[in-house]
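Listed here are the chains, written in short residue letters.
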Amino acid sequence: MLETLALYFSYPFVRYALVVGLLIALSSSLLGVSLVLKRFSFIGDGLSHVAFGALAAATVLDLASDMVLVLPVTVLTAVLLLRSGQNARLKGDAAIAMLSVGALAVGYLLLNVFSKSSNLSGDVCTTLFGATSILTLTPADVWACLGLSVLVILFFLLFYHRIFAVTFDETFARAAGLGAGRLNLLIACVAAAVIVLAMNLVGSLLVSALIVFPALTAMRLFKSFRSVTLAACLISVCCAGAGLLLSILASTPVGASIVCVYILVFGVACGLDGLRRRA
Amino acid sequence: MTQLLCEDLTLGYEGQAVVTDLSFRVKQGDYLFILGENGSGKSTLIKTLLRLIPPLSGRVEFCGGLRADEIGYLPQQTPAQRDFPASVEEIVLSGCLNRMGRRPFYGRAHREQARANLERLGIGGLARRCYRELSGGQQQRVLLARALCAARRVLLLDEPTAGLDPAAAREMYELIARLNREGLTVLTVSHDLPAAARYAGQILHMGRRPLFFGPREAYLGSPVGRACLAMAKGEQDA
């Protein structure tokens, strides 16, 4: 077992991939705390499907880098969705449901009609459920992920107290003149960036797991915003690390392995919470 | 000294008027109750006073050096807040954010102020507690302490006793009356008429024509005041 790991980690590329995976896990858990508490978990899900549609379009157009198209489209959708929360003719959750299945269908259709690939179902499966192995990440992916996740973490660090205020009580934040509108816009952009990032690791169908599981697990165990945020980061990094190692050792798909570790830890947290309540 | 002056206001959304011909003024140290049935435009007035929406016509003026963001606001609680993981200290501190400028973190002065306001409301011992585990009355006090951090001169309270049991509601009203005696101007939006009859200095009754604005004694003697009070008594007896 250790020999297998040592063999893998002798490739510099596996080491980079591990670092990137952990950074992605960290940034998505930071975002998750705020999205879950704002009751916006489903926005993450909707956005990841839109990102899949954009990725399909980028593949068909044969762009040098998918990010060029996927990131702007996802950011734009995120901004529109959060905007429409206030005065929409379509109810928020219905709009998101519509968008996400719509993007899935159009994306798959585009790939089917225009794709030059010989292994279409393999490609689709990879974008939906993530790479079968972290070895398939390209160097460009690794560097883009690194840069973006550092930006996301900096954003949460600098705006931590303001994000708390807007998450806990948006009306009060608006009344106190904290620029809640601008901050929501920023959070939407960051959400889109995180989702595009995380797609590289676990694929678009499993992205939501990275966002909601750490926050929900931490909320079971801790009672202040700071401890929940810190615990979510820690849980996320540990689970993602464990999932990545597991996928190397057992040759299982990366995304699914990571999500299964999340589920396991969430179950344990629920158990601990239950025990504490009974005590 | 007049702190807030509203003249010939028409309030509403997207050109649709909810309230017309609204004029009143608030002096420093006043305790104004804003009464009215649901749909009479109370929340529209709150949003206008907080500058979240502009008035359709007329003017809202802050006088005597009062700025719009110096109003300490106590909003109604949302369901999401009731199970929000946050410590009392974190919530009260967030009231200081509007005076932080571009600084990302709280300083010692902010923490001192948050502690002082908790003491002032008699909940100094709760600072480390988890918000969702407190009683309704304690939660309201925490949010009131946050409002005090945001502003020292004017409080705007939206249904401060909603969801509280009678004993807790009474304590809340006594606490607000004390803050008022200590020099704070208080605007309370409510449909709790007996409380208004007991604590208010001035009363603004919205929703019935003509709108009533004047001191409490005049309101209790006016036809609209007598009618409403009789109705409230009937409800209590029933």
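Summary of the structure given here. Because the structure is a prediction, the values reported are computed rather than measured.

Tallying secondary structure elements over chain B gives eight helices and nine strands in all. In terms of C-alpha radius of gyration, chain B reaches 18 Å, essentially the compact-globule figure of 18 Å for 238 residues. Across its three principal axes, chain B shows a C-alpha extent of roughly 50 × 45 × 35 Å. The long-range fraction of contacts in chain B, counting pairs at least 24 apart against all pairs at least 6 apart in sequence, stands at 67%.

Another point: the sheet that holds strand E7 (residues 185-189) of chain B. All names here are of chain B. In space, the six strands of this open sheet follow the order E5-E6-E7-E3-E8-E9, with mixed pairing throughout. If you trace the sheet from one side to the other, it starts and ends with strand E5 (71-74) and strand E9 (212-215), each paired once. Averaged over all neighbouring strand pairs, the angle between strand axes comes to 15°, with direction disregarded. Looking at chain direction, strand E3 (residues 31-35) and E7 are connected through four bridges and run parallel. Paired with Leu-32 across the two strands is Leu-187, which belongs to E7. Lying on the sheet, helix H1 (residues 42-49) is in contact with E3, E5, strand E6 (154-158) and E7; it crosses E6 at an angle near 150°.

Here we come to the interface of chain B and chain A. Facing the 21 residues of chain B at the interface are 23 residues of chain A. The residue makeup of the side of chain B that touches chain A, split by class, is 15 nonpolar, four polar and two charged.

This next bit is on the pairing of E6(B). Residue and element names in this part refer to chain B. Counting buried residues in E6 gives four out of five residues, a clear majority hidden from the surface. In this sheet, E6 lies alongside E5 in parallel orientation, the contact comprising four bridges. Paired with Leu-74 across the two strands is Leu-157, which belongs to E6. The pairing of E6 with E7 spans five bridges and is classified as parallel. Pairing of Asp-158 across the sheet is with Val-189, part of E7. In terms of handedness, the path from E6 via helix H5 (residues 166-181) over to E7 forms a crossover that is right-handed.

Here the focus is the packing of helix H3 (residues 41-61) of chain A against helix H10 (residues 180-202) of chain A. Residues and elements named next belong to chain A. Contact pair H3 / H10: the axes reach a minimum separation of 10 Å and the direction vectors enclose 60°. As far as their axial angle goes, H10 and H3 are oblique. Where H3 crosses over H10, the handedness of that crossing is right-handed. In this structure, H3 contributes Ile-43, Gly-44, Leu-47, Ser-48 and Ala-51 to the contact, and H10 contributes Ala-191, Ala-192, Ile-195, Val-196 and Met-199. Residues that form the contact of H3 with H10 fall into these classes: eight nonpolar, two polar and no charged.

This brings us to the sheet that holds strand E1 (residues 2-13) of chain B. Residue and element names in this part refer to chain B. Across the sheet, which stays open at both edges, the three strands sit in the order E2-E1-E4 with antiparallel pairing between neighbours. The open sheet has two edge strands, strand E2 (16-27) and strand E4 (57-62), and neither has a second partner. Neighbouring strand axes in the sheet, compared pairwise and without regard to direction, differ in orientation by 15° on average. Bridge analysis of E1 against E2 gives eight bridges, and the strand direction is antiparallel. Looking at E2, one finds that Gly-12 is bridged to Ala-17. Packed on one face of the sheet, H1 meets E1, E2 and E4 and runs near 125° to E1.

Helix length check: helix H12 (residues 225-250) of chain A, at 26 residues, gives a terminal C-alpha distance of 37 Å against a target of 38 Å (1.5 Å per residue), a fit within 8%. Phi turns positive one or two residues past the end of H12(A), at A:Ser251, with a value near 50°.

This paragraph deals with unusual backbone geometry. If you check the backbone angles, A:Arg39 has positive phi at about 65° while not being a glycine. Along the chain, A:Arg39 turns up in the loop between helix H2 (12-37) and H3. Of note, B:Asp8 is a non-glycine position whose phi angle comes to about 45°, a positive value. Topologically, B:Asp8 is positioned in strand E1.

We now examine the environment of B:Ala197. All names here are of chain B. Counting through the fold element by element, Ala-197 comes out in helix H6 (residues 193-199). Between the alpha carbons of Ala-197 and Gly-225 there is a distance of 9.3 Å; along the sequence they are 28 residues apart. Ignoring sequence-local partners within four residues, the contact set of Ala-197 consists of Leu-220 and Leu-229.

How each quantity is defined
Residues numbered from 1 in each chain as written. Chains lettered and ligands numbered in written order. Predicted model: local features only at pLDDT ≥ 70, side-chain atom pairs only at ≥ 80, totals over all residues. Helix = DSSP H or I, 4+ residues; strand = E, 2+ residues; numbered from the N terminus. Rg over C-alpha atoms; globule rule 2.2 N^0.38 Å. Contact = placed C-beta atoms within 7 Å. Pairing = 2+ DSSP bridges. Axes fitted to C-alpha atoms, helices over the stretch in contact; angles between N-to-C directions. Nonpolar A, V, L, I, M, F, W, Y, C, P; charged D, E, K, R; others polar. Buried ≥ 20, exposed ≤ 12 C-beta atoms within 10 Å, placed from the backbone. Right-handed = clockwise from strand over helix to strand, strands pointing away. Parallel < 35°, antiparallel > 145°, perpendicular 65-115°, else oblique. Left-handed = near helix turned anticlockwise from the far one by under 90°. Expected span 1.5 Å × (residues − 1).

Geometry only, nothing functional implied.
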